[in-house]
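# Overview (structure and organization)
The residues making up each chain are set out below.
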Amino acid sequence: MKKITFSIFLVLGVFSSSITAQEIQKKYAKEVARLAQKKQVKEAFAQIKAQMDQTTADLITLTEILAPPFMEEERGKVFAKMLEEAGVDSIWTDKVGNVIGLRKGTSGESGYVGVDAHLDVVFPEGTDVTVKKVGDTLKAPGIGDDTRGLAMVISMLKAMNKSGIKTEKDILFVGTVGEEGLGDLRGMKYMFNESGLDIDSWIAIDGGSLGRISNAGLGSKRYKLHIKGQGGHSWGSFGLANPHHALGRAITVFSDAAWEYTSSTMPKTSFNVGRIGGGTSVNSIPFESWMEVDMRAIEPKNLDEIEIIFKESVEKAITEYNASGVRGEVTYELIKIGDRPSGELPASLPLIQRTMAATKLFGASPRLGRGSTNINIPVAKGIPAVCIGRGGKGGGAHSLHEWYLNDEESDESIQLALLITLSQAGLDK
(Lines give C-alpha, C1' and ligand atoms only; values in the text may rest on other atoms or scores of the structure.)
Protein backbone atom coordinates (compact mmCIF):
# COMPACT_ATOMS: atom_id res chain seq x y z
CA MET A 1 0.00 0.00 0.00
CA LYS A 2 2.38 2.69 -1.17
CA LYS A 3 -0.12 5.50 -0.67
CA ILE A 4 -0.69 4.57 2.96
CA THR A 5 3.05 4.40 3.66
CA PHE A 6 3.60 7.72 1.93
CA SER A 7 0.74 9.43 3.73
CA ILE A 8 1.36 8.30 7.31
CA PHE A 9 3.48 11.31 8.20
CA LEU A 10 0.86 13.70 6.91
CA VAL A 11 -2.08 12.21 8.77
CA LEU A 12 -0.20 11.88 12.04
CA GLY A 13 -0.59 15.57 12.61
CA VAL A 14 1.22 17.84 10.14
CA PHE A 15 -1.51 19.87 8.45
CA SER A 16 -0.86 23.03 6.49
CA SER A 17 -3.95 24.84 7.72
CA SER A 18 -5.74 25.27 11.03
CA ILE A 19 -8.52 22.94 12.11
CA THR A 20 -11.99 23.99 10.98
CA ALA A 21 -15.39 22.35 11.11
CA GLN A 22 -14.65 20.50 7.84
CA GLU A 23 -11.04 19.56 8.52
CA ILE A 24 -9.70 16.43 10.09
CA GLN A 25 -9.10 16.47 13.80
CA LYS A 26 -5.69 15.08 14.74
CA LYS A 27 -7.03 12.43 17.10
CA TYR A 28 -9.02 10.80 14.29
CA ALA A 29 -6.16 11.07 11.83
CA LYS A 30 -3.90 9.27 14.33
CA GLU A 31 -6.56 6.68 15.16
CA VAL A 32 -7.15 5.74 11.53
CA ALA A 33 -3.45 5.77 10.65
CA ARG A 34 -2.67 3.38 13.51
CA LEU A 35 -5.52 1.10 12.46
CA ALA A 36 -4.23 0.95 8.87
CA GLN A 37 -0.87 -0.30 10.13
CA LYS A 38 -2.31 -3.25 12.07
CA LYS A 39 -1.09 -6.59 10.74
CA GLN A 40 -4.60 -7.98 10.18
CA VAL A 41 -5.73 -4.86 8.37
CA LYS A 42 -2.70 -4.97 6.06
CA GLU A 43 -3.49 -8.62 5.37
CA ALA A 44 -7.11 -7.73 4.58
CA PHE A 45 -5.92 -5.04 2.17
CA ALA A 46 -3.71 -7.61 0.46
CA GLN A 47 -6.63 -10.03 0.21
CA ILE A 48 -8.76 -7.35 -1.45
CA LYS A 49 -6.08 -6.85 -4.07
CA ALA A 50 -5.52 -10.57 -4.58
CA GLN A 51 -9.22 -11.31 -5.10
CA MET A 52 -9.89 -8.52 -7.59
CA ASP A 53 -10.50 -10.94 -10.47
CA GLN A 54 -13.19 -12.67 -8.41
CA THR A 55 -14.66 -9.30 -7.42
CA THR A 56 -14.92 -8.46 -11.12
CA ALA A 57 -16.56 -11.83 -11.79
CA ASP A 58 -19.06 -11.10 -8.99
CA LEU A 59 -19.73 -7.70 -10.55
CA ILE A 60 -20.51 -9.28 -13.92
CA THR A 61 -22.74 -11.97 -12.38
CA LEU A 62 -24.81 -9.43 -10.45
CA THR A 63 -25.00 -6.93 -13.32
CA GLU A 64 -26.52 -9.54 -15.62
CA ILE A 65 -29.46 -10.02 -13.22
CA LEU A 66 -31.75 -7.10 -14.00
CA ALA A 67 -33.22 -5.53 -10.86
CA PRO A 68 -35.62 -2.63 -11.48
CA PRO A 69 -37.18 -1.05 -8.37
CA PHE A 70 -39.75 -3.45 -6.87
CA MET A 71 -38.19 -6.32 -8.84
CA GLU A 72 -34.96 -6.92 -6.93
CA GLU A 73 -35.79 -10.43 -5.70
CA GLU A 74 -33.71 -12.50 -8.15
CA ARG A 75 -30.62 -10.36 -7.75
CA GLY A 76 -31.18 -10.40 -4.00
CA LYS A 77 -31.10 -14.21 -3.97
CA VAL A 78 -27.73 -14.30 -5.73
CA PHE A 79 -26.34 -11.58 -3.49
CA ALA A 80 -27.53 -13.54 -0.45
CA LYS A 81 -25.69 -16.62 -1.71
CA MET A 82 -22.54 -14.54 -2.14
CA LEU A 83 -22.84 -13.25 1.42
CA GLU A 84 -23.31 -16.77 2.71
CA GLU A 85 -20.29 -18.08 0.82
CA ALA A 86 -18.16 -15.14 1.96
CA GLY A 87 -19.06 -15.96 5.57
CA VAL A 88 -21.62 -14.41 7.88
CA ASP A 89 -23.05 -15.54 11.20
CA SER A 90 -26.63 -15.24 9.99
CA ILE A 91 -28.45 -14.05 6.90
CA TRP A 92 -32.03 -13.07 6.12
CA THR A 93 -34.20 -11.18 3.67
CA ASP A 94 -36.66 -8.83 5.34
CA LYS A 95 -40.27 -8.18 4.36
CA VAL A 96 -39.44 -5.47 1.79
CA GLY A 97 -36.55 -7.38 0.19
CA ASN A 98 -33.41 -6.06 1.88
CA VAL A 99 -30.77 -8.82 2.04
CA ILE A 100 -28.93 -8.68 5.36
CA GLY A 101 -25.86 -10.54 6.55
CA LEU A 102 -24.84 -10.25 10.21
CA ARG A 103 -21.20 -10.57 11.23
CA LYS A 104 -21.07 -10.61 15.01
CA GLY A 105 -18.66 -8.58 17.06
CA THR A 106 -16.94 -9.60 20.27
CA SER A 107 -18.01 -6.94 22.74
CA GLY A 108 -21.72 -7.68 23.03
CA GLU A 109 -22.23 -3.94 22.74
CA SER A 110 -25.59 -2.88 21.34
CA GLY A 111 -25.97 -0.95 18.11
CA TYR A 112 -25.15 -2.25 14.63
CA VAL A 113 -22.76 -0.68 12.12
CA GLY A 114 -24.41 -0.99 8.70
CA VAL A 115 -22.64 -1.17 5.34
CA ASP A 116 -24.73 -1.25 2.18
CA ALA A 117 -25.02 -0.92 -1.56
CA HIS A 118 -28.38 -0.90 -3.29
CA LEU A 119 -29.68 -3.83 -5.31
CA ASP A 120 -31.89 -1.91 -7.73
CA VAL A 121 -31.05 -0.16 -10.99
CA VAL A 122 -33.03 2.43 -12.95
CA PHE A 123 -33.60 0.29 -16.02
CA PRO A 124 -37.01 -1.26 -16.78
CA GLU A 125 -37.90 -4.89 -17.30
CA GLY A 126 -36.64 -6.15 -20.65
CA THR A 127 -33.42 -4.10 -20.71
CA ASP A 128 -30.43 -6.01 -22.09
CA VAL A 129 -27.91 -6.10 -19.25
CA THR A 130 -25.42 -8.46 -20.85
CA VAL A 131 -21.92 -7.33 -19.92
CA LYS A 132 -19.68 -6.64 -22.91
CA LYS A 133 -15.90 -6.44 -22.59
CA VAL A 134 -14.14 -3.88 -24.74
CA GLY A 135 -10.49 -4.22 -23.89
CA ASP A 136 -10.31 -3.68 -20.12
CA THR A 137 -13.65 -1.88 -20.03
CA LEU A 138 -16.91 -3.49 -18.92
CA LYS A 139 -20.06 -2.12 -20.55
CA ALA A 140 -23.65 -2.75 -19.42
CA PRO A 141 -26.55 -0.81 -17.91
CA GLY A 142 -26.06 -0.79 -14.13
CA ILE A 143 -22.44 -2.00 -14.18
CA GLY A 144 -21.48 0.88 -11.92
CA ASP A 145 -24.58 2.24 -10.23
CA ASP A 146 -24.74 0.45 -7.91
CA THR A 147 -23.75 -3.10 -8.79
CA ARG A 148 -20.11 -2.24 -8.29
CA GLY A 149 -21.02 -1.29 -4.71
CA LEU A 150 -22.53 -4.75 -4.12
CA ALA A 151 -19.34 -6.43 -5.34
CA MET A 152 -17.36 -4.21 -2.98
CA VAL A 153 -19.45 -5.32 0.00
CA ILE A 154 -18.73 -8.97 -0.82
CA SER A 155 -15.01 -8.29 -1.24
CA MET A 156 -14.84 -6.52 2.14
CA LEU A 157 -16.51 -9.42 3.90
CA LYS A 158 -14.25 -12.02 2.28
CA ALA A 159 -11.13 -10.03 3.20
CA MET A 160 -12.20 -9.71 6.83
CA ASN A 161 -12.76 -13.45 7.15
CA LYS A 162 -9.61 -14.48 5.30
CA SER A 163 -7.43 -12.20 7.45
CA GLY A 164 -9.09 -13.25 10.70
CA ILE A 165 -10.32 -9.78 11.60
CA LYS A 166 -12.71 -9.55 14.54
CA THR A 167 -14.58 -6.37 15.37
CA GLU A 168 -15.93 -5.16 18.67
CA LYS A 169 -19.34 -4.23 17.26
CA ASP A 170 -21.73 -6.25 15.12
CA ILE A 171 -21.72 -5.35 11.43
CA LEU A 172 -24.62 -5.64 9.00
CA PHE A 173 -23.66 -6.23 5.35
CA VAL A 174 -26.71 -5.23 3.34
CA GLY A 175 -28.07 -5.15 -0.20
CA THR A 176 -30.90 -2.63 0.01
CA VAL A 177 -33.95 -2.28 -2.21
CA GLY A 178 -35.71 0.76 -3.57
CA GLU A 179 -32.94 3.36 -3.75
CA GLU A 180 -33.65 4.43 -7.31
CA GLY A 181 -36.55 6.51 -8.62
CA LEU A 182 -39.98 5.49 -7.39
CA GLY A 183 -38.39 2.98 -5.04
CA ASP A 184 -38.32 6.04 -2.77
CA LEU A 185 -35.72 4.61 -0.36
CA ARG A 186 -38.24 2.02 0.78
CA GLY A 187 -35.50 -0.36 1.87
CA MET A 188 -33.87 2.19 4.15
CA LYS A 189 -37.21 3.47 5.42
CA TYR A 190 -38.02 -0.04 6.54
CA MET A 191 -34.58 -0.57 8.09
CA PHE A 192 -34.80 2.56 10.20
CA ASN A 193 -38.54 2.89 10.80
CA GLU A 194 -39.96 -0.62 11.04
CA SER A 195 -37.30 -3.34 11.29
CA GLY A 196 -36.63 -2.92 15.01
CA LEU A 197 -32.88 -3.16 14.37
CA ASP A 198 -30.77 -0.99 16.66
CA ILE A 199 -28.55 0.71 14.07
CA ASP A 200 -26.22 3.40 15.36
CA SER A 201 -24.23 4.20 12.19
CA TRP A 202 -24.40 3.58 8.46
CA ILE A 203 -21.93 3.51 5.57
CA ALA A 204 -23.42 3.50 2.07
CA ILE A 205 -21.42 2.84 -1.10
CA ASP A 206 -22.92 4.53 -4.13
CA GLY A 207 -21.22 6.39 -6.93
CA GLY A 208 -18.33 8.75 -7.39
CA SER A 209 -14.59 8.57 -7.11
CA LEU A 210 -12.30 8.21 -4.14
CA GLY A 211 -12.76 11.28 -1.96
CA ARG A 212 -16.50 11.73 -2.45
CA ILE A 213 -18.22 11.80 0.94
CA SER A 214 -21.86 12.67 1.43
CA ASN A 215 -22.82 13.70 4.94
CA ALA A 216 -26.07 15.41 3.94
CA GLY A 217 -29.28 14.38 2.26
CA LEU A 218 -31.02 16.36 -0.49
CA GLY A 219 -34.72 16.05 0.22
CA SER A 220 -37.40 15.64 -2.41
CA LYS A 221 -41.15 15.33 -2.72
CA ARG A 222 -42.68 13.77 -5.80
CA TYR A 223 -46.28 13.71 -6.96
CA LYS A 224 -48.37 12.30 -9.76
CA LEU A 225 -51.23 14.58 -10.79
CA HIS A 226 -54.01 12.55 -12.43
CA ILE A 227 -56.75 14.55 -14.19
CA LYS A 228 -59.89 12.84 -15.52
CA GLY A 229 -62.68 13.90 -17.86
CA GLN A 230 -65.46 12.41 -19.95
CA GLY A 231 -63.51 12.18 -23.20
CA GLY A 232 -64.95 12.35 -26.70
CA HIS A 233 -64.43 13.17 -30.38
CA SER A 234 -62.26 16.19 -31.11
CA TRP A 235 -64.90 17.61 -33.55
CA GLY A 236 -68.17 16.16 -32.44
CA SER A 237 -67.56 16.83 -28.72
CA PHE A 238 -65.66 20.08 -29.13
CA GLY A 239 -66.00 22.28 -26.06
CA LEU A 240 -66.03 19.36 -23.64
CA ALA A 241 -63.69 19.71 -20.67
CA ASN A 242 -60.26 18.46 -21.77
CA PRO A 243 -57.86 16.96 -19.18
CA HIS A 244 -54.81 17.85 -21.30
CA HIS A 245 -55.84 21.49 -21.44
CA ALA A 246 -56.39 21.48 -17.69
CA LEU A 247 -52.98 19.87 -17.20
CA GLY A 248 -51.37 22.59 -19.30
CA ARG A 249 -52.98 25.25 -17.13
CA ALA A 250 -51.77 23.45 -13.98
CA ILE A 251 -48.21 23.36 -15.31
CA THR A 252 -48.33 27.08 -16.14
CA VAL A 253 -49.79 28.16 -12.80
CA PHE A 254 -47.39 25.99 -10.83
CA SER A 255 -44.33 26.93 -12.88
CA ASP A 256 -45.01 30.66 -12.50
CA ALA A 257 -45.53 30.45 -8.74
CA ALA A 258 -42.67 28.00 -8.18
CA TRP A 259 -40.24 30.02 -10.28
CA GLU A 260 -41.02 33.14 -8.28
CA TYR A 261 -40.46 31.22 -5.05
CA THR A 262 -37.24 29.47 -6.04
CA SER A 263 -35.77 32.65 -7.53
CA SER A 264 -36.07 34.46 -4.21
CA THR A 265 -35.35 31.64 -1.76
CA MET A 266 -32.05 30.40 -0.39
CA PRO A 267 -30.56 27.85 -0.18
CA LYS A 268 -31.37 26.22 -3.48
CA THR A 269 -34.84 24.77 -4.09
CA SER A 270 -35.88 23.22 -7.41
CA PHE A 271 -38.93 21.91 -9.26
CA ASN A 272 -39.40 19.85 -12.40
CA VAL A 273 -42.23 18.35 -14.44
CA GLY A 274 -40.49 15.16 -15.48
CA ARG A 275 -43.15 13.08 -17.23
CA ILE A 276 -46.55 13.68 -18.79
CA GLY A 277 -48.97 11.31 -20.49
CA GLY A 278 -52.51 10.34 -21.39
CA GLY A 279 -54.80 10.43 -24.40
CA THR A 280 -55.64 7.87 -27.09
CA SER A 281 -55.33 9.65 -30.45
CA VAL A 282 -54.77 13.04 -32.03
CA ASN A 283 -58.49 13.39 -32.85
CA SER A 284 -59.83 12.41 -29.43
CA ILE A 285 -60.46 14.53 -26.38
CA PRO A 286 -58.61 12.51 -23.73
CA PHE A 287 -60.42 11.01 -20.78
CA GLU A 288 -57.29 11.29 -18.64
CA SER A 289 -54.06 13.19 -18.40
CA TRP A 290 -51.21 12.94 -15.92
CA MET A 291 -47.86 14.37 -14.98
CA GLU A 292 -45.11 13.55 -12.48
CA VAL A 293 -43.48 16.37 -10.58
CA ASP A 294 -40.22 16.41 -8.63
CA MET A 295 -39.43 19.10 -6.03
CA ARG A 296 -36.14 19.26 -4.14
CA ALA A 297 -34.69 21.45 -1.41
CA ILE A 298 -31.75 21.58 0.96
CA GLU A 299 -33.86 23.02 3.77
CA PRO A 300 -36.84 20.95 5.00
CA LYS A 301 -38.80 24.19 5.46
CA ASN A 302 -38.34 25.12 1.80
CA LEU A 303 -39.40 21.65 0.71
CA ASP A 304 -42.60 21.94 2.72
CA GLU A 305 -43.28 25.39 1.28
CA ILE A 306 -42.85 24.44 -2.38
CA GLU A 307 -45.08 21.41 -1.76
CA ILE A 308 -47.78 23.79 -0.54
CA ILE A 309 -47.26 25.97 -3.61
CA PHE A 310 -47.70 22.92 -5.84
CA LYS A 311 -50.92 21.79 -4.17
CA GLU A 312 -52.41 25.30 -4.16
CA SER A 313 -51.41 25.82 -7.81
CA VAL A 314 -53.14 22.63 -8.89
CA GLU A 315 -56.33 23.50 -7.01
CA LYS A 316 -56.32 27.02 -8.49
CA ALA A 317 -55.65 25.80 -12.04
CA ILE A 318 -58.38 23.15 -12.03
CA THR A 319 -60.93 25.51 -10.48
CA GLU A 320 -60.14 28.19 -13.07
CA TYR A 321 -60.28 25.73 -15.92
CA ASN A 322 -63.63 24.31 -14.89
CA ALA A 323 -64.99 27.88 -14.65
CA SER A 324 -63.63 28.88 -18.09
CA GLY A 325 -66.76 27.99 -20.07
CA VAL A 326 -66.05 24.37 -20.92
CA ARG A 327 -68.88 21.85 -20.86
CA GLY A 328 -68.76 19.56 -17.87
CA GLU A 329 -65.67 19.52 -15.72
CA VAL A 330 -62.47 17.65 -14.99
CA THR A 331 -61.57 16.09 -11.66
CA TYR A 332 -58.13 15.44 -10.27
CA GLU A 333 -56.22 13.31 -7.82
CA LEU A 334 -52.82 14.00 -6.28
CA ILE A 335 -50.79 10.88 -5.53
CA LYS A 336 -47.57 11.20 -3.55
CA ILE A 337 -44.98 8.96 -5.24
CA GLY A 338 -41.84 10.07 -3.41
CA ASP A 339 -40.83 11.60 -0.11
CA ARG A 340 -37.14 11.79 0.77
CA PRO A 341 -36.21 13.89 3.79
CA SER A 342 -33.48 16.51 3.88
CA GLY A 343 -30.84 16.69 6.57
CA GLU A 344 -27.21 17.37 7.31
CA LEU A 345 -24.75 15.97 9.83
CA PRO A 346 -21.90 18.03 11.28
CA ALA A 347 -18.41 17.24 10.03
CA SER A 348 -17.29 16.93 13.64
CA LEU A 349 -19.10 13.60 14.13
CA PRO A 350 -16.66 10.70 14.71
CA LEU A 351 -17.89 8.70 11.70
CA ILE A 352 -17.44 11.64 9.35
CA GLN A 353 -14.06 12.50 10.86
CA ARG A 354 -12.93 8.89 10.46
CA THR A 355 -14.17 8.81 6.88
CA MET A 356 -12.28 11.98 6.02
CA ALA A 357 -9.15 10.74 7.79
CA ALA A 358 -9.25 7.39 5.98
CA THR A 359 -9.78 9.14 2.65
CA LYS A 360 -6.80 11.39 3.28
CA LEU A 361 -4.73 8.35 4.19
CA PHE A 362 -5.28 6.98 0.70
CA GLY A 363 -3.95 10.17 -0.86
CA ALA A 364 -7.31 11.65 -1.87
CA SER A 365 -8.79 14.97 -0.81
CA PRO A 366 -11.99 14.46 1.22
CA ARG A 367 -14.91 16.33 -0.32
CA LEU A 368 -18.03 16.61 1.81
CA GLY A 369 -21.25 16.98 -0.12
CA ARG A 370 -24.97 16.43 -0.39
CA GLY A 371 -26.91 13.88 -2.40
CA SER A 372 -30.13 11.96 -2.72
CA THR A 373 -28.99 8.55 -1.50
CA ASN A 374 -29.75 5.87 1.06
CA ILE A 375 -28.27 7.99 3.82
CA ASN A 376 -31.12 10.51 3.57
CA ILE A 377 -33.07 8.39 6.03
CA PRO A 378 -30.52 8.02 8.88
CA VAL A 379 -29.24 11.57 8.36
CA ALA A 380 -32.75 12.99 8.78
CA LYS A 381 -32.98 11.07 12.06
CA GLY A 382 -29.62 12.38 13.26
CA ILE A 383 -28.00 8.91 13.02
CA PRO A 384 -24.34 9.08 11.88
CA ALA A 385 -24.11 8.10 8.22
CA VAL A 386 -21.91 8.67 5.20
CA CYS A 387 -22.12 7.75 1.55
CA ILE A 388 -18.79 7.07 -0.14
CA GLY A 389 -17.78 6.53 -3.76
CA ARG A 390 -17.24 3.16 -5.41
CA GLY A 391 -13.95 4.21 -7.04
CA GLY A 392 -12.47 3.09 -10.32
CA LYS A 393 -13.26 4.79 -13.61
CA GLY A 394 -16.74 4.83 -15.01
CA GLY A 395 -19.36 6.82 -16.83
CA GLY A 396 -22.80 6.84 -18.39
CA ALA A 397 -24.66 6.16 -15.14
CA HIS A 398 -28.42 5.75 -15.69
CA SER A 399 -27.83 5.23 -19.43
CA LEU A 400 -27.68 2.19 -21.68
CA HIS A 401 -24.03 3.04 -22.34
CA GLU A 402 -22.82 2.74 -18.75
CA TRP A 403 -19.25 1.50 -18.36
CA TYR A 404 -16.72 0.64 -15.69
CA LEU A 405 -12.96 0.14 -15.73
CA ASN A 406 -10.83 -1.28 -12.95
CA ASP A 407 -7.77 0.77 -12.09
CA GLU A 408 -5.58 1.26 -9.01
CA GLU A 409 -8.41 3.16 -7.36
CA SER A 410 -10.66 0.10 -7.67
CA ASP A 411 -8.64 -1.84 -5.08
CA GLU A 412 -8.25 1.22 -2.90
CA SER A 413 -11.95 2.07 -2.86
CA ILE A 414 -12.69 -1.32 -1.27
CA GLN A 415 -9.77 -0.97 1.13
CA LEU A 416 -11.04 2.49 2.06
CA ALA A 417 -14.58 1.21 2.67
CA LEU A 418 -13.14 -1.53 4.89
CA LEU A 419 -10.94 0.89 6.84
CA ILE A 420 -13.90 3.20 7.51
CA THR A 421 -16.01 0.24 8.62
CA LEU A 422 -13.31 -1.09 10.95
CA SER A 423 -12.68 2.35 12.43
CA GLN A 424 -16.36 2.64 13.28
CA ALA A 425 -16.90 -0.95 14.45
CA GLY A 426 -13.61 -1.15 16.37
CA LEU A 427 -10.89 -3.72 15.78
CA ASP A 428 -10.94 -6.35 18.49
CA LYS A 429 -7.76 -6.28 20.55
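Right, let's walk through the structure included here.

Moving on: the overall build of the protein chain. A tally of regular secondary structure across the protein chain gives 12 helices and 19 strands. Taken over the C-alpha atoms alone, the protein chain extends approximately 80 × 45 × 40 Å along its principal axes. The proportion of buried residues among the 429 residues of the protein chain is 54%. Taking all contacts inside the protein chain whose residues are at least 6 apart in sequence as the whole, residues at least 24 apart take part in 80%. Counting only carbon and sulfur atoms, one obtains 52% of the accessible surface of the protein chain, whose full area is about 18400 Å².

Remark: helix α2 (residues 26-36) packs on helix α12 (residues 408-425), axes separated minimally by 10 Å, with the N-to-C direction vectors making an angle of 115°. Accordingly, the angle class assigned to the pair α2 and α12 is roughly perpendicular. As α2 runs across α12, the sense of the crossing is right-handed. Every residue of α12 that contacts α2 at E31, V32, L35 and A36 is listed here: L419, L422 and S423. In terms of residue class, the contact of α2 with α12 is made up of 5 nonpolar, 1 polar and 1 charged.

With that settled, the discussion passes to the pattern of salt bridges. Scanning the entire structure with this criterion turns up 23 salt bridges. As a salt-bridge pair, K221 and E307 come within 3.8 Å of each other at their nearest N and O atoms. In this pair, K221 is assigned in strand β9 (residues 219-228) and E307 in helix α9 (residues 300-322), connecting sequence segments 86 residues apart. Both residues of the pair, K221 and E307, belong to the buried class. For the salt bridge of K336 with E307, the shortest nitrogen-to-oxygen distance reads 3.4 Å. With K336 in strand β14 (residues 331-340) and E307 in helix α9, this residue pair connects regions lying 29 residues apart in the sequence. Since its relative accessible area comes to 39%, K336 is described here as partly exposed. With relative accessibility at 9%, the residue E307 sits in the buried group.

Moving on: the sheet that holds strand β19 (residues 403-405). The strand order across the open sheet built from 4 strands is β4-β5-β19-β18, with neighbouring strands paired in antiparallel fashion. Both outer strands of the open sheet, β4 (132-134) and β18 (393-395), are each paired with one neighbouring strand and no more. Taking each pair of neighbouring strands and ignoring which way they run, the sheet shows an average axis angle of 20°. Pairing of strand β5 (residues 137-139) with β19 involves 3 bridges; the strand directions are antiparallel. Residue pairing in the sheet places K139 in a bridge with W403 of β19.

Now for empty space enclosed by the protein. This model, assessed by the stated rule, comprises 1 cavity of 30 Å³ or more. In this structure, the largest cavity spans a volume of roughly 30 Å³. Broken down by class, the residue content of the lining of the largest cavity amounts to 3 nonpolar, 3 polar and 1 charged.

Overall, antiparallel pairing links the 4 strands, which are arranged β11-β13-β9-β14 in an open sheet. On the outer flanks of this sheet lie β11 (269-278) and β14, each paired with one strand and no other. The average undirected angle you get between the axes of adjacent strands in this sheet is 15°.

Attention now moves to the packing of aromatic side chains. Summed over all chains, the structure comprises 5 aromatic pairs. Between F45 and F362 the ring centres are 6.0 Å apart and the planes differ by 65°, which places this aromatic pair in the edge-to-face class. Of this pair, F45 sits in helix α3 (residues 39-50) while F362 sits in the loop between α10 (350-361) and β16 (367-371); the two residues are 317 residues apart in sequence, bridging distant segments of the chain. Residue F45 is classed as buried on the basis of its relative accessible area, which comes to 2%. Measuring from ring centre to ring centre gives 5.0 Å for F254 and F310, while their planes differ by 75°; the resulting arrangement is edge-to-face. Of this pair, F254 sits in helix α8 (residues 243-263) while F310 is found in helix α9, placing the two residues 56 residues apart along the sequence. Judged by relative accessible area, which is 0%, F310 ranks as buried. Following the ring pairs from residue to residue traces out a cluster consisting of Y223, F254, F271 and F310. Over the face of the ring belonging to W290 we find K224, whose NZ or CZ atom lies 4.7 Å from the ring centre.

Here we take up the environment of G114. Of note, G114 is situated in strand β3 (residues 112-118). Put simply, G114 and G142 are 28 residues apart on the chain and 23 Å apart in space, counted from C-alpha to C-alpha. If we ignore the near neighbours within four places in the chain, the residues touching G114 are L172, S201, W202 and I203.

The rules behind each value
- Residues numbered from 1 in each chain as written.
- Predicted model: local features only at pLDDT ≥ 70, side-chain atom pairs only at ≥ 80, totals over all residues.
- Heavy atoms only, no water.
- Helix = DSSP H or I, 4+ residues; strand = E, 2+ residues; numbered from the N terminus.
- Buried < 20%, exposed > 50% of the residue type's maximum accessible area, 1.4 Å probe, protein only.
- Contact = heavy atoms within 4.5 Å.
- Areas by Shrake-Rupley, 256 points an atom, 1.4 Å probe, with all protein chains shown as cover.
- Axes fitted to C-alpha atoms, helices over the stretch in contact; angles between N-to-C directions.
- Parallel < 35°, antiparallel > 145°, perpendicular 65-115°, else oblique.
- Left-handed = near helix turned anticlockwise from the far one by under 90°.
- Nonpolar A, V, L, I, M, F, W, Y, C, P; charged D, E, K, R; others polar.
- Salt bridge = Lys/Arg side-chain N within 4 Å of Asp/Glu carboxyl O.
- Pairing = 2+ DSSP bridges.
- 1 Å grid on protein atoms, 1.4 Å probe; cavity = no way out; pocket = protein on both sides within 12 Å on 5 of 7 lines; lining within 4 Å.
- Points joined across faces, edges and corners; volume = space filled by probe spheres on them.
- Phe/Tyr/Trp six-rings, centres within 6.5 Å; stacked < 30°, edge-to-face > 60°.
- Lys NZ or Arg CZ within 6 Å of the ring centre and 35° of its normal.

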